[in-house]
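Next come the chains, spelled out residue by residue.
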Amino acid sequence: MAKSKAGLLQGTLDMLILKALSLGALHGYGIGQRIAQISGDELKIEEGSLYPGLYRLEHRGWVQSEWDTSENNQRAKFYKLTRAGRKQLTLEERNWERLAGATMKALRAS
Amino acid sequence: MSRVKATVDFIHAWQHADEIADEVEAELRFHVQMRTQANIEEGMTPDEAQLAAKQSFGDFDQIKMSCCEIKRGLPFNMKPIRMGLYIAIACLAGGFALVAVNLPHHNLFGVLWQLAAIAVLMCAFLVGRRKQ
């Protein structure tokens, strides 16, 4: 039986993109690959939905982009985390841990 | 990103809308191309690989449009500006009311016109408040 993959909760995609970029600059395709890799291939993301997320993050000043040459010598847009983006990631990680902890506590209540 | 840079980017996005759209398209095409290549390496035929890449990407045109819209989005919070606009409309309606009250009573057309203007402005204000 195929292993079912978890769908993403609203708002978590932005956090995952920031997390993927905290490990180094990447193009959009690479970000999708890295999210899959760091989640142990558990998180299923519709590939195209990454881009509106990336543009939103850039608009907020949390990531910045520049065109460069990819690993296969093609022109690609690379994204990297800004200082504000790193702060935002820390904040979101803390919020996420608190939320996950509270949810677990509620689920374990007898 | 500073407010100044955000504003410059915003103006640039509006001035060079076609250029921005081309850039977004190039970026999305690169993704589909990379996925196609990966699918070929996994053993698919080029046609199958391209089809699967397009399917896993989602609605290309819709995504491109969303990205362009985000690029053209306002770089600052519109709420205070909108609120200011509503207050200005309310003041204008109040001004019209004052003028209408002070108009000579024999000028019926003038009074009616002013009342109609007040009604329209008040409706605009109420609709704006409800939307908010």
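Everything below is about the structure printed above this text.
What comes next is a walk through the structure. Small disclaimer: the values here were computed from a predicted structure and weren't measured.

On to the packing of helix H2 (residues 28-38) of chain A against helix H3 (residues 50-59) of chain A. Residues and elements named next belong to chain A. Between H2 and H3, the shortest axis-to-axis distance is 10 Å and the interhelical angle comes to 105°. One finds that H2 runs roughly perpendicular with respect to H3. Contacts from Gly28, Tyr29, Ile31, Gly32 and Ile35 in H2 reach Leu50, Tyr51 and Leu54 in H3. Here the contact of H2 with H3 is composed, by residue class, of six nonpolar, two polar and no charged.

Right, let's get into unusual backbone geometry. Residue and element names in this part refer to chain A. The backbone of Asp41 sits at a positive phi, close to 65°, despite the residue not being glycine. Non-glycine residue Asn73 carries a positive phi angle of around 60°. As for its placement among the helices and strands, Asn73 is situated in the loop between strand S2 (63-69) and strand S3 (75-81).

On to the nonpolar core, then. In this structure, Ile17, Leu21, Ile31, Ile35, Leu50 and Tyr51 of chain A are the most contacted members of the largest nonpolar core, which totals 34 residues. Ranked by the residues each element gives to this core, the list is headed by helix H1 (residues 12-22) of chain A, at seven residues. In this view, Ile31 of chain A contacts Ile17, Ala20, Leu21, Leu26, Leu50, Leu54 and Tyr79 of chain A; residues no more than four positions away in its chain are not counted. Listed in part, the six residues of the second largest apolar core include Phe78 of chain A together with Phe30, Met34 and Ala38 of chain B.

Let's shift gears to the pairing of S2 of chain A. All names here are of chain A. Pairing geometry for S2 and S3, over seven bridges, is antiparallel. Looking at the pairing, Gln64 lines up with Lys80 of S3. Here S2 folds back onto S3, and the loop between the two strands holds five residues, one of which, Asn73, carries a positive phi near 60°.

Reading guide: rules and limits
- Residues numbered from 1 in each chain as written.
- Chains lettered and ligands numbered in written order.
- Predicted model: local features only at pLDDT ≥ 70, side-chain atom pairs only at ≥ 80, totals over all residues.
- Heavy atoms only, no water.
- Axes fitted to C-alpha atoms, helices over the stretch in contact; angles between N-to-C directions.
- Helix = DSSP H or I, 4+ residues; strand = E, 2+ residues; numbered from the N terminus.
- Parallel < 35°, antiparallel > 145°, perpendicular 65-115°, else oblique.
- Contact = heavy atoms within 4.5 Å.
- Nonpolar A, V, L, I, M, F, W, Y, C, P; charged D, E, K, R; others polar.
- Core = buried A, V, L, I, M, F, W, Y, C linked by side-chain atoms within 4.5 Å.
- Buried < 20%, exposed > 50% of the residue type's maximum accessible area, 1.4 Å probe, protein only.
- Pairing = 2+ DSSP bridges.

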